[in-house]
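Structural features, examined
Listed here are the chains, written in short residue letters.
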Amino acid sequence: MPRRLAVLAAVILAVVFVTSPATASDVDDIRARLEQWTDDFNAGRADEACDLFSSEAISNYRGQPERSYDEICALLRKSIADPANDYHYELDLREIIVEGDLAVVRLTWTLFISPLNITSVEPGMDIFRREADGKWRIIRYLAYEEEL
């Protein structure tokens, strides 16, 4: 019996030490990815903006059809390339919770569209996954536009 307890204790300790808890660097990495996305989008760098999303991404935006990675990137590219309007995002991070290779981010995006003088406040929740290349990418997101 003591041998079984020792083996069980060793297995539990191995699981505890092998499972990597969230670190401040994970939170910092996700924050940096979102801030870089904001800079990339606002500077018109569509390829870089698309890199925030996993190829398995699915978006749910209230009032819009569910979109896949290809559809998300097509919409980003269309907005960035729009010659008639300038789209500019500002980020307000509310919370980042990391558990292993998954993270949940509560945030609010504020979109300014000029010269139409439109402002859209978009609270949402992004689910990130650390992918094989070590980068955190959005695999799912839920968002809606606040009524002003």
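The structure under discussion appears in the preceding block.
Residues numbered from 1 in each chain as written. Predicted model: local features only at pLDDT ≥ 70, side-chain atom pairs only at ≥ 80, totals over all residues. Heavy atoms only, no water.

The next point concerns the overall build of the protein chain. Of regular secondary structure, the protein chain possesses four helices and six strands. Helices (α) and strands (β) of the protein chain occur, in sequence order from the N terminus, as α-α-α-β-β-α-β-β-β-β. The buried share of the protein chain, taken over its 148 residues, is 33%. Once local pairs closer than 6 in sequence are excluded, the contacts in the protein chain between residues at least 24 apart make up 51%. Total accessible area on the protein chain stands at roughly 9,300 Å², and carbon and sulfur atoms take up 56% of it. (Helix = DSSP H or I, 4+ residues; strand = E, 2+ residues; numbered from the N terminus. Buried < 20%, exposed > 50% of the residue type's maximum accessible area, 1.4 Å probe, protein only. Contact = heavy atoms within 4.5 Å. Areas by Shrake-Rupley, 256 points an atom, 1.4 Å probe, with all protein chains shown as cover.)

Here we come to the sheet that holds strand β5 (residues 118-130). One open sheet holds the six strands; their spatial order is β2-β1-β6-β5-β4-β3, and the pairing between them is mixed. In this open sheet, the two edge strands, each paired with only one partner strand, are β2 (67-68) and β3 (86-99). Bridge count between β5 and strand β6 (residues 136-143): seven bridges; the pairing is antiparallel. Looking across to β6, one finds that Phe-128 is bridged to Ile-138. Contacts from helix α2 (residues 24-42) reach β1 (53-61), β3, β4 (102-114), β5 and β6 within the one sheet, and its direction differs from that of β3 by about 170 degrees. (Pairing = 2+ DSSP bridges. Axes fitted to C-alpha atoms, helices over the stretch in contact; angles between N-to-C directions.)

Attention now moves to the layout of surface pockets. When its volume is computed, the largest pocket comes out at roughly 710 Å³. Forming the walls of the largest pocket are 31 residues, and the residues nearest its centre are Tyr-61, Leu-75, Tyr-89, Glu-122 and Tyr-141. Counting residues per element, the ones that place at least two in the lining of the largest pocket are α2, β1, α4 (69-81), β3, β4, β5 and β6. For the lining of the largest pocket, the leading source of residues is β5, giving five residues. (1 Å grid on protein atoms, 1.4 Å probe; cavity = no way out; pocket = protein on both sides within 12 Å on 5 of 7 lines; lining within 4 Å. Points joined across faces, edges and corners; volume = space filled by probe spheres on them.)

Applying the stated criterion to the full structure yields six aromatic pairs. A ring pair is formed by Tyr-89 and Trp-109, whose centres lie 5.5 Å apart and whose planes are at 75 degrees; its orientation type is edge-to-face. Of the two residues, Tyr-89 sits in strand β3 while Trp-109 sits in strand β4, which places them 20 residues apart along the sequence. Summarising the burial analysis for this pair, Tyr-89 and Trp-109 share the class buried. Grouped by ring-pair contacts, the aromatic residues Trp-37, Phe-41, Tyr-89 and Trp-109 constitute a single cluster. (Phe/Tyr/Trp six-rings, centres within 6.5 Å; stacked < 30°, edge-to-face > 60°.)

A few words on the pairing of β6. Two faces make up the sheet, and in a regular strand the side chains alternate between them. Counting buried positions along β6 yields six of eight residues, so the element is predominantly enclosed. Pairing of β1 with β6, which is carried by five bridges, proceeds in the parallel orientation. Looking at the pairing, Asn-60 lines up with Leu-142 of β6. The turn joining β5 and β6, which pair antiparallel and follow one another in sequence, is formed by five residues; a positive phi near 90 degrees is taken by Gly-134.

Looking now at the nonpolar core. Counting residues in each nonpolar core, the largest one holds 28 residues, and the members touching the most others are Ile-30, Leu-34, Trp-37, Phe-53, Leu-76 and Phe-128. Broken down by secondary-structure element, the contributors of at least two residues to this core are α2, α3 (46-50), β1, α4, β3, β4 and β6. The greatest single-element share of this core, amounting to six residues, is contributed by β4. Those residues within four positions of Leu-34 in sequence are excluded, and the remaining contacts are Leu-52, Leu-91, Leu-93, Val-105, Leu-107, Trp-109, Asp-126 and Phe-128. (Core = buried A, V, L, I, M, F, W, Y, C linked by side-chain atoms within 4.5 Å.)

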